[in-house]
Amino acid sequence: QATAFAVPTEATESAIEIETTAEKMIATYKANEVKGDAIYKDKRIKIVGTVDSISSGLSDKATVLLSSGKKEFSFTNVHASGDSDFHNRAINLNKGDVITLVCTGDGEVIGSPFLKDCRFWLSSIYRDMPITSYKAVSGAFNFFRYKTP
């Protein structure tokens, strides 16, 4: 009997060109949009950020807005979008979750960085687990996340 050992849409390390945080990407674009595009646009980026909101646009596909996670108000967030798998995984996100994505830089609009073709990054702890085990472990983490004060 065959067992699937990796989630098919998992992002891989070999494709990553830049590792950053939402805070650093926002700061780079805020300081110099041209420099931000030179660093991030059309590059495969592994980015860590705090979910500020999850919305669906005109296409009814999920867009996840990432922030630095600090308690300060800002109009500037990193806008991340992806395919239907990204959309389906975004359904389970909550504001305040810290996530890691691998995406392609897509420039900026009014100072806010945009990312496309995003996939959720799975840490190496899950990489060799069968999908059923991954779901069980994820469910346990979600159980404890919601049950702990």
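What you see is a predicted model, and the numbers here were worked out from it, not measured in a lab.

Examining the overall build of the protein
Each helix and strand in the protein was counted, giving five helices and six strands. In sequence order, the protein lays out its α and β elements as β-α-α-β-β-β-α-β-β-α-α. If you take every contact in the protein between residues at least 6 apart in sequence, the share linking residues at least 24 apart comes to 64%. Approximately 9100 Å² of the protein is accessible, and the part contributed by carbon and sulfur atoms is 56%.

What to know about the side chain of Thr50
Within the secondary structure, Thr50 sits in strand β2 (residues 44–56). Leave out the neighbours within four places in its chain, and Thr50 touches Leu65, Leu66, Ser67, Ser68, Gly69, Gly96, Asp97 and Val98.

Some points on unusual backbone geometry
The backbone phi angle of Asp42 is positive, close to 65°, even though this residue is not glycine. Looking at Asp42, the relative accessible area reads 54%, which means it is exposed. Within the chain, Asp117 stands out as a residue other than glycine whose phi angle is a positive 55°. Asp117 gets classed as partly exposed once you look at its relative accessible area, which sits at 47%.

So, the confidence of the model for the protein
With 70% of its residues at a pLDDT of at least 70, the protein reaches an overall mean of 78. Confidence drops under pLDDT 50 across residues 124–149; counting only partners more than four residues distant or on other chains, this segment forms 28 contacts.

So, the pairing of strand β4 (residues 78–82)
As defined by bridge partners, strand β3 (residues 62–67) adjoins β4 across four bridges and the pair is classed as antiparallel. Bridging across to β4, Val64 finds its partner in Ala80. In this sheet, strand β6 (residues 112–120) lies alongside β4 in parallel orientation, the contact comprising three bridges. Across the sheet, residue Ala80 finds its bridge partner in β6, namely Leu115.

Some points on the pairing of strand β1 (residues 18–21)
Every second residue of β1 is oriented toward a common face, the buried set being Ile18 and Thr20 and the non-buried set Glu19 and Thr21. Where β1 meets β2, four bridges bridge the pair, whose relative direction is parallel. Bridged to Glu19 within β2 is Lys46.

Observations concerning the environment of Asp85
In this structure, Asp85 sits in helix α3 (residues 84–90). Look at Asp85 and you get partly exposed, because its relative accessible area is 23%. Counting along the chain gives 35 residues from Asp85 to Phe120, while the straight-line C-alpha distance between them is 9.2 Å. A polar side-chain atom of Asp85 sits 3.0 Å from a polar atom in the side chain of Arg89.

Conventions used here
Residues numbered from 1 in each chain as written. Predicted model: local features only at pLDDT ≥ 70, side-chain atom pairs only at ≥ 80, totals over all residues. Heavy atoms only, no water. Helix = DSSP H or I, 4+ residues; strand = E, 2+ residues; numbered from the N terminus. Contact = heavy atoms within 4.5 Å. Areas by Shrake-Rupley, 256 points an atom, 1.4 Å probe, with all protein chains shown as cover. Buried < 20%, exposed > 50% of the residue type's maximum accessible area, 1.4 Å probe, protein only. pLDDT = per-residue confidence, 0-100. Pairing = 2+ DSSP bridges. Polar contact = N/O pair within 3.5 Å; in protein donor to acceptor, adjacent residues only side chain to side chain.

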